[in-house]
Amino acid sequence: MREYRPPRGFRDFPPEVMLLRREVIGKIVRVFERYGYEPLDTPAVENWETLAGKYGEEAEGKLMWRFTDPWSKKEYALRYDLTVPLARFISNNMDIPLPFKRYHIAPVWRHEEPQRGRYREFYQCDVDIVGSPYPEADAEIVDVVGESLRELGFSGFRIRLNDRRLLSAVFEEELGLKDPLPVYRSIDKLDKIGAEGVRKELTRTVGESLAEKIMSLISLGGGADSMRAICSRYSHNAKAKEACDHLEQLTSLAGEVTFDLSLVRGLDYYTGPILEVVLDQPKIGSVAGGGRYDKLIGTFTGKDIPATGASLGIERLIDAGVELGILKASRSTVTDVYLVVVDWSFLSYAWRAAKELRRSGLNVRIDPARASEESQRKRARRLGVPVIAFVGMSEAETNSLTLYSPAKGERAVVKLEEAPLVVRRFLS
RNA sequence: GCCCGGGUAGCUCAGCUGGUUAGAGCGUCGGGCUGUGGACCCGAAGGUCCCGGGUUCAAAUCCCGGCCCGGGCCCCA
């Protein structure tokens, strides 16, 4: 037989996986809403012009899913993230009261080579605040991200923080780099290739003396102290000072963050603080990222509106969480009760019993294919249904059900009216 | 683009020091047994052993190329 599978990097989500994903998303939504973010969704497809010029050369050159509609010949693209669609949405709804706080949980598409924690279709969970230039907005984003991770059960993670203005002030204005990108790319690898590796790369690209200066900057390590050290060294620079004041206020409000001058991030549209979350345990890349993008909305409206936000990568969180054992599907089925019909001549009673249980709010499954008792029991076990209800002659004659909880090893014969109560006891 | 591992039944895989009719478990289907339900019994169907070439009397098995999947690098986030 010919094999048909999803395209490379795309996945099916079978029920057990969906239940876990739904649980994870539910927890994240609860945190987002606790802070008063409203739900938003936008189309999977955007006009190419909407997304063009927003992400940087590499993204647009090879990472975006882009196509020409064969009928209209118009150019479209699958959305690459949720931030640019937000900016587009704002530009179409300029009457929206600001600050606008929204969350957006939806798939995005990137044409990358799949790997662990990397797919071509994956969900992002975005939270953004549109309409505030102040550090408290950024601080809130930091807190929401941290709280989401804690809600999911993660404790070993770092929220790395930096600022695009500071990067630009230090590397372009102070150190005079015309093209800082290769330098950024090198220092961004600090975690991966170590200080010596970075030093080598830098020596090759900018020469030894500059490399030394850069190394001394990024080797200050993380934390508030290194931030203050860098900030005081460059306090004479207006742009650096602006960034430093912003970061100072941000960190005074937000939960614990790690300042890190080597954090860069790839997207073009960031203009201020940038953040990234990495887990201590599995090396799976970043699980969240974000930052301030005060000029992005202006590219649509002509008028800049300050905005800041972050995105949690649910695939990596799930992959990592499962690996760490802090996430696992608590159930593999939505069914509460599997009603096993021992003798199909009592189908009508079984049917009535199922309806009765459903009316009480329970999820009840009854075999629609007249399977043997044995195979019904097997299916129930395999699904992990918490309560099995048997219906045969004696139950039908006495208006009752025999309930069994495999987990508890308990069984009870109860009147149909009392069945929901007993089921709930078995479920608890 | 590069490096590793893999591709055998619907699924998970064994077989791979070449050698009759290619196997297991699970699942599916059929039958039997069973009213206390965490592995019951019997039977059946189901394979282009990824594709192409080569070596050989003989290839699922060895060699080369390709395709696909997974992981890693680069990159990205």
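Residues numbered from 1 in each chain as written. Chains lettered and ligands numbered in written order. Predicted model: local features only at pLDDT ≥ 70, side-chain atom pairs only at ≥ 80, totals over all residues. Heavy atoms only, no water.

Turning our eyes to something else, we now look at the overall build of chain A. Looking only at helices and strands, chain A has 17 helices and 16 strands in total. Rg of the C-alpha trace for chain A: 28 Å, well past the compact-globule value of 22 Å for 428 residues, more than 25% over. Seen along its three principal axes, the alpha-carbon backbone of chain A occupies a region of about 90 × 55 × 50 Å. For chain A, buried positions account for 50% of its 428 residues. For chain A, the exposed surface amounts to about 21,000 Å²; the carbon and sulfur share of it is 51%. If you average the places of the 63 positive and of the 63 negative side-chain charges in chain A, the two averages end up 5 Å apart. (Helix = DSSP H or I, 4+ residues; strand = E, 2+ residues; numbered from the N terminus. Rg over C-alpha atoms; globule rule 2.2 N^0.38 Å. Buried < 20%, exposed > 50% of the residue type's maximum accessible area, 1.4 Å probe, protein only. Areas by Shrake-Rupley, 256 points an atom, 1.4 Å probe, with all protein chains shown as cover. Lys, Arg positive; Asp, Glu negative; His and termini not counted. Charge placed at Lys NZ, Arg CZ, Asp CG, Glu CD.)

Moving on: the domain arrangement of chain A. Here chain A is partitioned into domain 1 (15-324) and domain 2 (337-427). The gap between the C-alpha centroids of domain 1 and domain 2 is 51 Å. (Domains from an automatic or database assignment.)

Turning next to the protein's contact with RNA strand B. For RNA strand B, the set of nearby residues contains 32 residues, the closest of which are R377, M393, S394, E395 and R411. Each atom of RNA strand B within 4 Å of the protein belongs either to a base or to sugar and phosphate, the latter forming 53%. In the model, a base nitrogen of RNA strand B is placed 2.8 Å from a nitrogen or oxygen of the R118 side chain. Counting only elements with at least two residues in the surface near RNA strand B, the list comes to α15 (373-383), α16 (393-398) and β15 (400-405). Residues of the surface near RNA strand B, tallied by class, amount to six nonpolar, seven polar and 19 charged. (Near = heavy atom within 4 Å. Polar contact = N/O pair within 3.5 Å; in protein donor to acceptor, adjacent residues only side chain to side chain. Nonpolar A, V, L, I, M, F, W, Y, C, P; charged D, E, K, R; others polar.)

By definition, a disulfide is the covalent link that joins the sulfur atoms of two cysteine residues. Scanning all chains against the criterion turns up one disulfide. Disulfide partner of C231: C244, at an S-S distance of 1.9 Å. Between C231 and C244, the disulfide has an S-S torsion of -90° and is therefore left-handed. Taken together, the positions of C231 in helix α10 (residues 223-233) and C244 in helix α11 (residues 238-253) put the pair 13 residues apart, joining distant regions of the chain. (Disulfide = S-S within 2.5 Å.)

A few words now on the side chain of D336. Topologically, D336 is positioned in the loop between α13 (314-324) and β12 (337-341). Take D336: its relative accessible area is 8%, and that puts it in the buried class.

With an omega of -5°, the peptide bond running from L98 to P99 counts as cis. Here P99 shows up in the loop between α4 (83-92) and β5 (100-109). Positioned with a positive phi, K73 is a non-glycine residue whose angle comes to about 65°. With respect to the helices and strands, K73 occurs in the loop between β3 (66-68) and β4 (75-78). What makes K73 exposed here is its relative accessible area of 59%. Phi is positive for N399, close to 55°, though the residue is something other than glycine. Along the chain, N399 turns up in the loop between α16 and β15.

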